[in-house]
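Summary of structural features
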Amino acid sequence: MSTFLDRVFGRVGLGGVMALVAPALAVVFAGLVTSVVLLIAGHQPVEAFTSLVEYGAQPRVLVLIVNLATTYFLSAVAVAVGFRMNLFNIGVDGQYRLAALVAAAVGGAALVPGPLNIVLVVLVAMLVGALWASIAAVLKVTRGVSEVISTIMLNAIATGLTGWLLTADRLGVLSGNAIGTPPIPGDAHMPGMALIPGTPMKINGFLVVAIIVGVAYAVLLNRTRFGFNLRATGRSEPAAVASGVNVKRMVVAAMVISGASAGLIGMPELLGSSFEYSLNFPTGLGFTGIAIALLGRNNAVGMAVGALLWGFLDSSSDALQLMDISKELVDIMKGVIVLSVIIAYELVHRYRVVAAQRKVSRELAAPAETEGAAA
Amino acid sequence: MGEAAITTAIATEPAVELKGITKRFPGVVANRDICLSVAKGHIHAVVGENGAGKSTLMKILYGMQRPDEGEIRIDGAVVNFHTPGDAIVAGIGMVHQHFMLADNFTVLENVILGSEPRKGGLAVDFAAARKKIKEISDAYGLGVEPDALVEDLGVGDRQRVEILKVLYRGARILILDEPTAVLVPHEVDELFDNLRVLVREGLTILFISHKLDEVLKVADAITVIRRGTTVASVDPHEVTARKLAELMVGSELPSPETRESTVTDVVTLEVSGLTMADTGAGPVAKGASADELRAAGVRLLLDDISFTIHKGEVLGIAGVEGNGQAELVEAIMGMRAINAGTVSLAGADITGWSTLKRREGGIGFIPEDRHRHGLLLEAPLWENRILGHQTREPNVKGIWIDRAGARKDTQRIVEEYDVRTPGIDVDAAALSGGNQQKLIVGREMSGEPALLIASHPTRGVDVGAQAAIWDHLRNARAAGLAVLLISADLDELIGLSDSLKVILRGRIVADVDPGSVTPEQLGSAMTGAGEGA
C-alpha cells in the first residue's frame, strides 16, 4: 500500500476532476484563512485581494510573474525528478548556486563568441549541477548515506565554496564595493520576447527552455523505459529490484538528471538580467522548488500552474505594502496553500481508493451478462 | 481421536455468544449475520477458506474492529469492545498467527512487556513476574523457561510463550489464529496436547483454521464459515474431512495432483555449490568456498546447494520457512550476491548476470510476497504487465514504452487467465489476492520462459484461483517449462512436484519421492528428524 509520503510526492496517481478540484479548493481555503488574518490585523480582506489581483493584472507585473515562474518551474522539475523515485534531493539549492557561479565565470571569460557562449554557459551549469548532485548519489549507492542528509550538508558546503570562489584572486572581480564574476559580454545575453503588450519589459527567453524542459520531463517519465523504471522504483523498490531494475544505477541517473536540471535554475537570471554572479544572486530557489513540486504533485502541468501562482504571489506582494499591509502576509498565504493542498490531496486519495474498491466489487458482482459481453 | 472428548466443564452459559454479527467494508461484506455459540471449556474450531471472513470475525471479537450490527455476549453478558484493551479486561486473549515477540528479550521480558508488575512505583518487579510465569507454566504444563532468550527458542516454544503471554494477562478465552500454520506435524501434536490441558483447566479456546484433519483431531465443536457467514455447526465425531471441506467450499474440491510425467533429459537449470554467507555479522572473505566459510565460523544462509531441473520437470523445495528458501530464490534471480557456486540456464553460465539479463534469458518469477515484489499496487494493471518485462515486446519499442502493445497484451492475460477485473485501467490494489496472483502468473508465463520460479504460488488465494493456477502450472510443464516450486503447502508440493528436495538451515538434507511420501513424513524430514549423525 502506498504511504502518506508516496501520495504527497505524487508517486501514486490521482485521476479525474478531483485532481483539479482539490488544489483549487485548497487555494480558496488558503484565501479564507488569510482573510481571517487580515481581519485580525484590522484590514479589509476583499479590498486587499482586489488590489492584489488588480496589481497582478498590469502588463508590467504579468511579465514579472512569468519570469519568476520560469525560474520556479525549472527548480520544481529538478526536485520532482528525484521525488518521483523516492529520492529527496534537498540539495537543489546548492547545486544551482554553484552551477551558476562556475557558469558565470566561464561565460565572463568569453571563450567562444556570441550565442555559442550562451550554449556553453548553459552546458557548464548543467554539468556542474550534475556533478555536485552526483556526490550525494555516489555516497548513497556506495556507502548507504541518506541523500537527505548528504544533500543538506552539500548545500552548506556549496555556500562555503561559492563564497571562497567568489573572491578577487579567484573567480571574482572587484568593482567598487561589490564583487562578482566578470560580466558576460553583450552578444551572449539571452534575448527577451516582447509577448505582453502595454509594457516595454520583455519575457525572459528561458521561458522557451522551461517549456522544453517541462515537455521533456513529462515524456521521459511517462513514455520511456527509463521513466517507467524510475517510477517503478519510486512506487516500490523491492518490486523494481525483482523486475530487474538496477536500483543503484537508477539512483545515480536520477540524481544526475536532477542536478543537471538544477543547473538550469540560475540561467534565466544569469543570462537574462544580471549577466554576472554576484553577492546579489538570488538564493533559496531550490526550496521554492520543493514547495511547487508538492503543489503540482510532480506533474509538469501542475508544477507550471504552481510556479505561476507563486510568481503571482511574490510579485504582487508589493501591492499590499501600498495599502499598509505587511508583505509577509503572502508568506502566510503560501504556507497555508501548501499545507491545505497536501491535506486536500490526501482526502481525495482516500476517497478515490474507497471508490475504486467499491466500483470493482460492484462491477464484478453485476450479473453475468456483463461478463458475457466482455468475452 | 478419542482424546477429543476431554471436556470437563458443564456447558451452562456459553462462554462466547455471537448473534447476527455483520461487518461491512467499502464494497464488501466481510461478515454477514454470523451466529456462533462457544461452550465453556470447549475447543471450538472456526473453519473456512482463506478470505471467508474468519479473521475479521476474530478481530471483532478481540475489539480490533467494531461490528456494524449484532451482539456479542461473554459469559451471558452483552459487551461492547472499543479496543483490544476492553477485550483483554473481559478475559479474551489473542494468539496471533505471526508471533509478536522481541527476539532479543527473554521470555520473561516479552511476557510482561506492557503490563509490568511494579515495585515501589518505579522498578519492575521481576521476582513477582518470574513467580507468576512459573505458576502459569506449571499449571498448564507449558514448560516455558522464563529466562530463556526468545531468539534461542524454536517455533513451538515461541508459540507457547505467546499463549503464556495472554494467560498472564488473565485471559479465560483464547483465540488462536491459524496456530498450526507455522508448525511442523510433531509440533502440532505438542500444541494440541497443550490445548487439551488448557481446556481441562477450564479455559475456552477458539481455534481458527482451514486444516481440516487438525480440526477434527482437536475440536469439541466446529463452526463452518463460508463467504462471510456461518453455514453450519457440526460435531467433529459425526463429520468427515471430506464433508467438512465441501461445507467450506460449497462444491467439489480441486486437487494439485499431476498425472503423467513430462520430465525430459534436457537440463534447463543447473545449480551447483551455491553458497551464501550471512553478512549481517560483518563482511566475509570474497571467493571463499562453503568449506572455508564454515571453517571460519560464518553462518551460511545457503550451504553448498546443488540440483538440476530438466525441461518439463517441477522440482519442489520443502522446508520450514526461513531455512534458506527465500535466499535460494533471490540467488537464482540474481537479486542477492552469492559467495560461491554457479548457476546455469540451458547450458549458459548465468552466475554473473544481472536480474534483468536473467529475466530476458527466460526466467519467470512468481515472488513469495506479491505485494512487495510482484506488483506496483497503485499502478494500473497494464503498467503492472510491463513490470519485469520492461525491455521486451510487446511492452516497449526501443527506449519507448509501447502503451498500445502493453495494454493489448494485458487484455489477453486478463482473458486467458480469468483475472476478474472491470478493466485494465484499475489499480492492482483494487483486485482480490487471487486475481492479483493470476495476473502475475499470466505475466510471468508470457514471453515463453524456460524456467519458472514459483514461490508460494497459491498462498492466500481462494480455492478457485488455486485450481486455476495449478492448471496453468501443469499445462506449462507439459509444454516443456521447468519449474522450481517453493511452498509451505505440503499437499501442493507433493501433488505438483516431479521431484522433491528438503531444505534445512540452508542445506539440501533429503531427496524425497513425491510419489510415495506422506505429508507427515515430509514434515518430519523438514525438521531434520530423519537427519543422521
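Above: the structure in question.
Described in the following lines is the structure provided in the data block. (Residues numbered from 1 in each chain as written. Chains lettered and ligands numbered in written order. Predicted model: local features only at pLDDT ≥ 70, side-chain atom pairs only at ≥ 80, totals over all residues. Heavy atoms only, no water.)

Each partner contributes residues to the interface: chain B has 35 residues there, and chain A has 31 residues. When the two sides are added together, the surface that chain B and chain A hide from each other amounts to roughly 2,900 Å², 61% of it contributed by carbon and sulfur. Summed over the shared surface of chain B and chain A, the number is two salt bridges. The residue arginine 231 of chain A makes a salt bridge to glutamate 383 of chain B at a minimum N-O spacing of 3.2 Å. Linking chain B to chain A there are 11 residue pairs in polar contact (both at pLDDT 80 or more). Counting only elements with at least two residues in the side of chain B that touches chain A, the list comes to helix H11 (355-360), helix H12 (370-374), helix H13 (381-386), strand S20 (400-401) and helix H14 (403-416) of chain B. (Contact = heavy atoms within 4.5 Å. Buried area = accessible area lost by both parts, 1.4 Å probe. Salt bridge = Lys/Arg side-chain N within 4 Å of Asp/Glu carboxyl O. Polar contact = N/O pair within 3.5 Å; in protein donor to acceptor, adjacent residues only side chain to side chain. Helix = DSSP H or I, 4+ residues; strand = E, 2+ residues; numbered from the N terminus.)

All names here are of chain A. Tracing the backbone through its elements, the reader meets threonine 162 in helix H7 (residues 147-165). Relative accessible area serves as the criterion here: at 7%, threonine 162 is assigned to the buried category. Aside from chain neighbours lying at most four places away, what touches threonine 162 is Arg97, Leu98, Leu101 and Tyr277. (Buried < 20%, exposed > 50% of the residue type's maximum accessible area, 1.4 Å probe, protein only.)

In this section: H7 of chain A. Residues and elements named next belong to chain A. With 19 residues, H7 extends 25 Å from end C-alpha to end C-alpha; this agrees with the ideal 27 Å at 1.5 Å per step. Among the residues of H7, Glu147, Ser150, Thr151, Leu154, Asn155, Ala158, Thr162 and Leu165 are the ones counted as buried. Seen from one end, H7 has its buried residues packed into an arc of 150 degrees, which puts them on one side. Among the exposed residues of H7, those oriented more than 90 degrees off its buried face are Met153 and Ala156. Residues of H7 that are buried make contact with helix H5 (92-108), helix H6 (114-143), helix H11 (247-265) and helix H13 (285-295). Its side-chain oxygen placed 3.2 Å from the backbone nitrogen of valine 148, serine 146 serves as the N-cap of H7. (Expected span 1.5 Å × (residues − 1). Arc of directions from axis to C-beta.)

What follows concerns the side chain of histidine 96 of chain B. Inspection of the secondary structure assignment puts histidine 96 of chain B in the loop between strand S6 (92-95) and helix H3 (107-112). If sequence neighbours within four positions are ignored, histidine 96 of chain B has contacts with Tyr62, Met64 and Asp177 of chain B.

The next subject is the pairing of strand S11 (residues 221-226) of chain B. Counting buried residues along S11 of chain B, five of its six residues qualify, which places the element largely inside the surrounding structure. Linking two consecutive strands that pair antiparallel, namely S11 of chain B and strand S12 (residues 229-234) of chain B, is a turn of two residues; a positive phi of about 45 degrees is found at arginine 227 of chain B within it. (Pairing = 2+ DSSP bridges.)

Before going further, it helps to spend a moment on the pairing of strand S16 (residues 340-345) of chain B. All names here are of chain B. As paired strands, strand S13 (residues 267-277) and S16 are joined by five bridges and run antiparallel to one another. By the bridge assignment for S16, serine 272 is matched with threonine 342. Sheet analysis places S16 next to strand S17 (residues 348-349), joined by two bridges and oriented antiparallel. Bridging from a neighbouring strand, leucine 345 pairs with alanine 348 of S17. Counted between consecutive antiparallel strands, the loop separating S16 from S17 contains two residues, among which alanine 346 sits at a positive phi close to 50 degrees.

What follows is about the packing of aromatic side chains. The tally for this structure, following the rule as stated, stands at three aromatic pairs over all chains. When the ring of phenylalanine 192 of chain B is compared with that of phenylalanine 207 of chain B, the centres are 5.8 Å apart and the planes differ by 65 degrees; the resulting orientation is edge-to-face. With a gap of 15 residues between them, phenylalanine 192 of chain B in helix H6 (residues 185-200) and phenylalanine 207 of chain B in strand S10 (residues 204-209) connect regions that are remote in the sequence. Each member of the pair phenylalanine 192 of chain B and phenylalanine 207 of chain B is classed as buried. A cation sits over an aromatic face here: arginine 297 of chain A above tyrosine 345 of chain A, 4.9 Å from the ring centre. (Phe/Tyr/Trp six-rings, centres within 6.5 Å; stacked < 30°, edge-to-face > 60°. Lys NZ or Arg CZ within 6 Å of the ring centre and 35° of its normal.)

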